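Coordinate inspection notes
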Amino acid sequence: MAPRAARGLLTGPLGLGLPGRDPPLNTADTAHNEGLSAFPRAAELQLREVSKRYDGQRAHAIRELTLTVPAGEVCVLVGPSGSGKTTAMRLINRMIELTAGDILLDGRSVLTRDPGELRREIGYVIQQIGLFPHQTVTENIATVPRLLGWERERIAARVRELLELVDLDPGEMGGRYPAQLSGGQRQRIGVARALAADPPLMLMDEPFGAIDPINRARLQDEFLRLQSRVRKTVVFVTHDIDEAIKMGDRIAILREGGVLAQYDTPQEILAHPADDFVARFVGTDRALKRLGLSTLADVELVAPNGLGTAGERVPLTMSVRDALSLLIAGGGQPLTVLDGDRGGHGEDGARSERVVGLFTLEALGGLLEHDAAGVPQAGQS
Amino acid sequence: MSPLAAGAAVSSPLAAAGPVIPNYRSASSSCVVHNHLFCTEWIAHNWSPILWPALRQHILLTAVAVALGFLIAAALALLAHRHRWIERPTIMLTTVLYTIPSLALFELLVAPVGANVLAAEIALVSYTLLILFRNIVIGLREVPAEVREAAEGMGMSRGQVLLRVELPLALPAIVAGLRIATVTIIALATIVYVVCNQGLGVPIHTALGEGPFKTELIAAGGLAILLALAADALLVGAQWLLTPWLRARGA
């Protein structure tokens, strides 16, 4: 849950108040980036009235899709099957050619670019990952750098760095073949391979779709942690609204026929769905989902007077949704909220647990009022 | 009967008395004379003049046929890989070639090209095409779609996808085709003697006309079998070396 809380700062209204974006933590690798590409590390992506109609078909797959993804943000394309979300993504790296409109990457139309050159500058991760079975992990990750003609030592250094970035031991994993890896390891290698040439944009098509739920949640958390370091512009396709809410700085909800139904922050979409379609798509439990976006730190807790430390003890970083679930399971008994949870890494290194307050249904009511009043304006900014 | 006497009898067509001993070439020994099933002395005597030249010709006939067949089949397969409509007519044509009885095909070829090595090679090459073409096409087709998509999505050109991804992954199917084609051609090459008097078929044919003496037949036929086994082992070994990822699976 820690990454979620950290991201809340960046994506919420406070993000504006930050003194510029944090410098990416992989600055140590700038030496490898000299002359790599004309792009900055992350690029703004603009879709301008993009339409796609396949030959011989009447209906559009994508219809006048316009949206802008700010540099360094994760945009999730989500929608039911037939909504053209994968098509929209594949238009960006020209795996599919658009029928009308334009797509700008860092202000430059992708239509003017050589498709091969363009794709080498866009990271690409697909659901089945598509690692090359006949190549070792090292060779797989080195694919794009080799296409770009990097020198041998530079490639070797970059591969080592990327394996460490995705928490795999270069010495142990580098020489393995994909068949010798677990599903989760393959997925990480797929992400490392896509990041190899430090692309300003990443396209990810249901990257966690084939992973079991427990590992999926772990990989999602890992990717969010990774993204907070590399700060790529990411277009992420999924059919799972929960994944969209978890992963997206912004969510583009598409309806059948490739029409954009709503494009906004997760908070805003959950609080104010644009129409019935969006409301149905995000589900009737959207209030609960919204609680999943806040942690107990966002809640005005009840002072721990006389009650002491009754009920279950939970960390401040727990999502309000999970806390509510525990509250209900405990028959309404207030939860004791502790600061400095055991597993967390306090800024000051302190591990001592301090009782912050109690979580009760009243405290929850306060959050919802506050949310309904405050968040919409922030989301609009 | 002393060996010497027998030798004299063998070397002389005039030796009409006693049992009829056909001309088993210059070599003769008690083994040859007593018509044992297998005479190593005969082999030692006839290795350089008969067996080794025949074996060498056989290897050359096979190598040329498989190599040419592979080039033609590979070119057709790459075309069919890009233009799907080419596949069916090619399969049909090569199937027809494959089903023509070999003796009939040699006979058909003698009229246009004459009774020579060229006729033999044309026939042998035509028998490799179906197997090689089908295996290369299948090997290329069975490259997983997501692997191809990832390759394209990372900016590989069509040629790069083919060379770096599709062909290596098609290798097991291609080698499987080469193994079948090679063994088939080694067997078939034993009958090209009818048009060009070359290969292990020559001593086999001679031996069949020599009555009870079996050594030459066994030696030449055995060499053909050993050659087939050796060629197959060579191809298996080559595949083992070229596909380390298949070995690593169990590790």
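Residues numbered from 1 in each chain as written. Chains lettered and ligands numbered in written order. Predicted model: local features only at pLDDT ≥ 70, side-chain atom pairs only at ≥ 80, totals over all residues.

Remarks on the overall build of chain A
Formally: By definition, any uninterrupted DSSP run of H or I lasting at least four residues is a helix, any uninterrupted run of E lasting at least two residues is a strand, and each is numbered from the N terminus. We call two residues in contact when their backbone-placed C-beta atoms lie within 7 Å.
Across its full length, chain A holds 16 helices and 13 strands. For chain A, the proportion of contacts with a sequence separation of at least 24, taken over those separated by at least 6, is 69%.

Quick notes on the sheet that holds strand β9 (residues 250-255) of chain A
All names here are of chain A. Heads up, the rule is: In this description, strands pair whenever DSSP reports at least two bridges between them. Angles run from 0 to 180 degrees between N-to-C directions of axes, and those axes are lines fitted to C-alpha atoms, restricted for helices to the stretch in contact.
The sheet built from six strands is open, its strands ordered β6-β7-β8-β3-β9-β10 with mixed pairing. The open sheet terminates on both sides in strands that have one partner only, identified here as β6 (122-126) and β10 (259-264). Neighbour to neighbour, the strand axes of the sheet diverge by 15 degrees on average, direction disregarded. Pairing of β6 with strand β7 (residues 201-205) involves five bridges; the strand directions are parallel. Within β7, the residue paired with Ile126 across the bridge is Asp205.

What to know about the packing of helix α3 (residues 40-82) of chain B against helix α6 (residues 117-141) of chain B
Residue and element names in this part refer to chain B. Our working rule: An angle below 35 degrees is treated as roughly parallel, one above 145 as roughly antiparallel, one from 65 to 115 as roughly perpendicular, and anything else as oblique. We call a crossing left-handed when the near helix sits turned anticlockwise from the far one by less than a right angle, and right-handed when that turn is clockwise. Amino acids outside the nonpolar list (Ala, Val, Leu, Ile, Met, Phe, Trp, Tyr, Cys, Pro) and the charged list (Asp, Glu, Lys, Arg) are all regarded as polar, and Gly is one of them.
Contact pair α3 / α6: the axes reach a minimum separation of 7 Å and the direction vectors enclose 40 degrees. Taken as axis vectors, α3 and α6 run oblique relative to one another. As for the relative orientation of α3 and α6, their crossing is right-handed in sense. Considering only residue class, the contact of α3 with α6 consists of 21 nonpolar, three polar and one charged.

Re helix α7 (residues 152-165) of chain A
Given 3.6 residues to a turn, an α-helix orients residues that are three or four positions apart in the same direction. Residues and elements named next belong to chain A. Test applied: To estimate how far a helix should reach, multiply one less than its number of residues by 1.5 Å. Each residue is classed by its C-beta neighbour count within 10 Å, where at least 20 other C-beta atoms makes it buried, 12 or fewer makes it exposed, and intermediate counts make it partly exposed; the C-beta atoms are placed from backbone geometry. Summarising the geometry, the arc corresponds to the directions from the helix axis toward the C-beta atoms.
With 14 residues, α7 extends 20 Å from end C-alpha to end C-alpha; this agrees with the ideal 20 Å at 1.5 Å per step. The set of residues buried in α7 consists of Ile155, Arg158, Val159, Leu162 and Leu163. Buried residues along α7 cover an arc of 135 degrees about the axis, so they all sit on one side. For α7, the exposed residues lying more than 90 degrees away from the buried face are Glu153 and Glu164. Once α7 ends, the next one or two residues include Asp167, with phi positive near 65 degrees.

So, the interface of chain A and chain B
By a widely used convention, the size of an interface equals the accessible area lost when the partners come together. At the interface, 19 residues of chain A touch 17 residues of chain B. Secondary-structure elements contributing two or more residues to the side of chain A that touches chain B are α4 (115-120), β6 and α6 (143-147) of chain A. For the side of chain A that touches chain B, the element with the highest residue contribution is α4 of chain A, accounting for four residues. Of the residues contributing to the side of chain A that touches chain B, the split by class is nine nonpolar, seven polar and three charged.

Observations regarding the confidence of the model for chain A
Residues and elements named next belong to chain A. Rules: As a per-residue measure, pLDDT reflects the predictor's confidence and takes values from 0 up to 100.
Taken residue by residue, chain A gives an average pLDDT of 82. The fraction at 70 or more is 80%. Note on residues 1-40: pLDDT under 50 across the span, and 47 contacts to partners over four residues away in sequence or across chains. Low pLDDT (under 50) marks residues 343-347, which in the prediction has five contacts with non-local residues, meaning those over four places away or in another chain.

What to know about the pairing of strand β12 (residues 335-339) of chain A
Residue and element names in this part refer to chain A. Spelled out, the test is: Handedness is read with the strands pointing away from the viewer; a crossover is right-handed when the path from the first strand over the helix to the second is clockwise.
Counting buried positions over the five residues of β12 gives four, a clear majority of the element. Of the pairings in the sheet, the one linking strand β11 (residues 313-315) to β12 comprises three bridges and is parallel in character. The residue bridging Arg313 from the neighbouring strand is Thr336, located in β12. Since β11 and β12 lie parallel, the crossover through helix α15 (residues 320-329) that links them has a hand, and here it is right-handed. Pairing between β12 and strand β13 (residues 354-359): five bridges, direction antiparallel. The residue of β13 that forms the bridge with Leu335 is Phe359.

Focus on the sheet that holds β12 of chain A
All names here are of chain A. Within the open sheet, the three strands sit side by side as β11-β12-β13. Their pairing is mixed. Each end of this open sheet is capped by a strand with a single partner; those strands are β11 and β13. The average angle at which neighbouring strand axes cross in this sheet is 35 degrees, direction not considered. The sheet contacts of α15 involve β11, β12 and β13, and relative to β12 the element is tilted by about 145 degrees.

Observations concerning the confidence of the model for chain B
Residues and elements named next belong to chain B. Scored by pLDDT, chain B has a mean of 85; 87% of the residues are at 70 or more. At the level of individual helices and strands, chain B shows its lowest average pLDDT in helix α1 (residues 3-11), which scores 40, and its highest in helix α8 (residues 158-188), which scores 96. Complex prediction metrics read pTM 0.77 and ipTM 0.78.

Some points on unusual backbone geometry
The phi torsion at Glu206 of chain A lies on the positive side, around 45 degrees, for a residue other than glycine. Mapped onto the fold, Glu206 of chain A is located in the loop between β7 and α10 (213-230).

A closer look at the packing of helix α10 (residues 201-208) of chain B against helix α11 (residues 215-242) of chain B
Residues and elements named next belong to chain B. Contact pair α10 / α11: the axes reach a minimum separation of 8 Å and the direction vectors enclose 155 degrees. The angle between α10 and α11 places the two elements in the roughly antiparallel class. The two elements α10 and α11 meet at a crossing, and its hand is left-handed. On α11, the residues touching Pro203, Ile204, Thr206, Ala207 and Leu208 of α10 are Glu216, Leu217, Ala220 and Gly221.

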